[in-house]
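These are the residues of each chain, in order.
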Amino acid sequence: MRLHPLDPVLATMMRRRAAAGRAPRPLAEFDPGRVQHILAVSSTAIGDTLFATPAWRALRARYPAARIVGHIRNKVVPLFRDNSHLDAIIPYAGGYRRFLSTVAALRRERFDVALIFHGMGPQAIPMAVLSGAPFVIRIPNTSEYGYLLSNGGPAPENLPYAGEHAIQSRLRIARMADAKSDDIRMVLPVTSDDRRAAATLLARFQLGAHRPMLGLVPGAAAAFKQWPSERFVAAAKALLDDRPGWRAVILGSAAERRLAGEVACGIGPAAVSLAGQLDLRALRGLVAGLRLLMTNDTGPLHMAVALGTPTVSLFGATNSRGTGPLQDRERHMVIERPAPTWEIANIQRRGNTPMLRIGVDEVVARGRELLQWIERDG
């Protein structure tokens, strides 16, 4: 990770703060009966934030009268504004942008506890500490600021568990604050406005809401997560040949317009690219209406799982045990070619060689199997 010039300044500030006795208090002193204001930090991507929603529900159940404030990446805030388990959201602008004003907003809330479910480093723990919360809880991992955590130390509950899904890790964090739950279902309500926004866009391409649609996500946040685009084309064409009248919609960001356009062109008249044309609310409405989503390990995958949309997901240099579908497993086909340890150890050096080991025939077979099950029993 590239260092920012302010990183050493922040590190020095935190060490001095701890040396002066102004670090968060140990978890052994935590009293659930005194909790009225809770900070829930999940300041990264769509999927990481969705993984925290079961923990938010657990907090709301344990502290029904408390004010729960989410600290969420500003780019994904629209997906979580209507989450009934949060009372407010303070956006995270990323890095050191708006750092001081964000800390000021956090301090005004006078939090009793801050729970970091997933946060951008290295600012996440310091921002929670600077919020003034007397207790800061997070599974330490390798954070340089682990010494500031209320739950620091070698206790088993504080350590990362190999093979544990991210949702289960977040529920474990909530459990440290006495919010106990085993409910793994993510929370992502879809509104009538979402569906209308999606329908309006589809109508521009002569796609009525009644027409069955196959969704494709050929892009990803990093190249090592991507299955080759020509294989998306071949798999989609095979599935569409089985079902005359279906259309394919290719999803992606504005930066992925070229990739999505190439996939749409390869499939032919039955496909249309919507990359860069959907805001997050419209994307939510569209994903909720798909018959099937074929995707790399991306945010739309996790949205689809939360919304109950069937998926075929492709994993290589990432691990489906940690971030793949966890709920409604019968509705989700995961195809995975695990990378050797050396290939996943350094994110900067990962390649998509594991993704190249996934064949078109296997993806088509799994897609057909899932669609047949849905049409029969789902």
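Each remark here, short or long, concerns the structure printed above.
Quick notes on the rules
- Residues numbered from 1 in each chain as written.
- Predicted model: local features only at pLDDT ≥ 70, side-chain atom pairs only at ≥ 80, totals over all residues.
- Heavy atoms only, no water.
- Salt bridge = Lys/Arg side-chain N within 4 Å of Asp/Glu carboxyl O.
- Helix = DSSP H or I, 4+ residues; strand = E, 2+ residues; numbered from the N terminus.
- Buried < 20%, exposed > 50% of the residue type's maximum accessible area, 1.4 Å probe, protein only.
- Axes fitted to C-alpha atoms, helices over the stretch in contact; angles between N-to-C directions.
- Parallel < 35°, antiparallel > 145°, perpendicular 65-115°, else oblique.
- Left-handed = near helix turned anticlockwise from the far one by under 90°.
- Contact = heavy atoms within 4.5 Å.
- Nonpolar A, V, L, I, M, F, W, Y, C, P; charged D, E, K, R; others polar.
- 1 Å grid on protein atoms, 1.4 Å probe; cavity = no way out; pocket = protein on both sides within 12 Å on 5 of 7 lines; lining within 4 Å.
- Points joined across faces, edges and corners; volume = space filled by probe spheres on them.

1. Section: the pattern of salt bridges
Consideration 1: Overall, the coordinates contain 20 salt bridges when judged by the stated rule.
Consideration 2: A salt bridge links arginine 57 to aspartate 183, with the shortest nitrogen-to-oxygen separation between them at 3.2 Å. With arginine 57 in helix H3 (residues 53-62) and aspartate 183 in the loop between helix H6 (166-176) and helix H7 (192-204), the pair connects residues that are 126 residues apart, well separated along the chain.
Consideration 3: Look at arginine 57 and you get buried, because its relative accessible area is 18%.
Consideration 4: Note that aspartate 328 and arginine 185 form a salt bridge whose closest N and O atoms lie 3.0 Å from each other.

2. Quick notes on the packing of helix H10 (residues 280-289) against helix H11 (residues 299-307)
Each pair of packed helices can be summarised by the angle the axes make with each other and by the distance between the axes.
Consideration 1: Interhelical geometry of H10 versus H11 gives an angle of 55 degrees and a closest axis separation of 9 Å. By the angle class used here, H10 and H11 are oblique. In this structure, the crossing between H10 and H11 has a hand that is right-handed. In contact with Leu280, Leu283, Arg284, Val287 and Ala288 of H10, H11 contributes Pro300, Met303, Ala304 and Leu307.
Consideration 2: Tallied by class, the residues present in the contact of H10 with H11 amount to 8 nonpolar, no polar and 1 charged.

3. A look at empty space enclosed by the protein
Consideration 1: Tallying each qualifying case throughout the model produces 1 cavity of 30 Å³ or more.
Consideration 2: A volume near 40 Å³ is recorded for the largest cavity.
Consideration 3: Lining of the largest cavity is provided by Phe51, Ile167, Met186, His302, Val305, Thr323, Gly324, Pro325, Leu326 and Gln327.
Consideration 4: Looking at the lining of the largest cavity residue by residue, the class counts come to 6 nonpolar, 4 polar and no charged.

4. Some words on unusual backbone geometry
Consideration 1: One non-glycine residue, arginine 110, adopts positive backbone phi at about 55 degrees.
Consideration 2: Within the fold, arginine 110 resides in the loop between helix H4 (99-108) and strand E4 (113-118).
Consideration 3: You will see that aspartate 178, though not glycine, has its phi angle at about 70 degrees, which is positive.
Consideration 4: In this fold, aspartate 178 is placed in the loop between H6 and H7.

5. Some words on the packing of H3 against H6
Consideration 1: For the pair H3 and H6, interaxial distance at closest approach is 8 Å and the crossing angle is 25 degrees. Classified by the interaxial angle, the pair formed by H3 and H6 is roughly parallel. Note that H3 runs across H6; the crossing there is right-handed. Across the interface between the two elements, Pro54, Ala55 and Ala58 from H3 touch Ile167, Arg170, Leu171 and Ala174 from H6.
Consideration 2: The residue makeup of the contact of H3 with H6, split by class, is 6 nonpolar, no polar and 1 charged.

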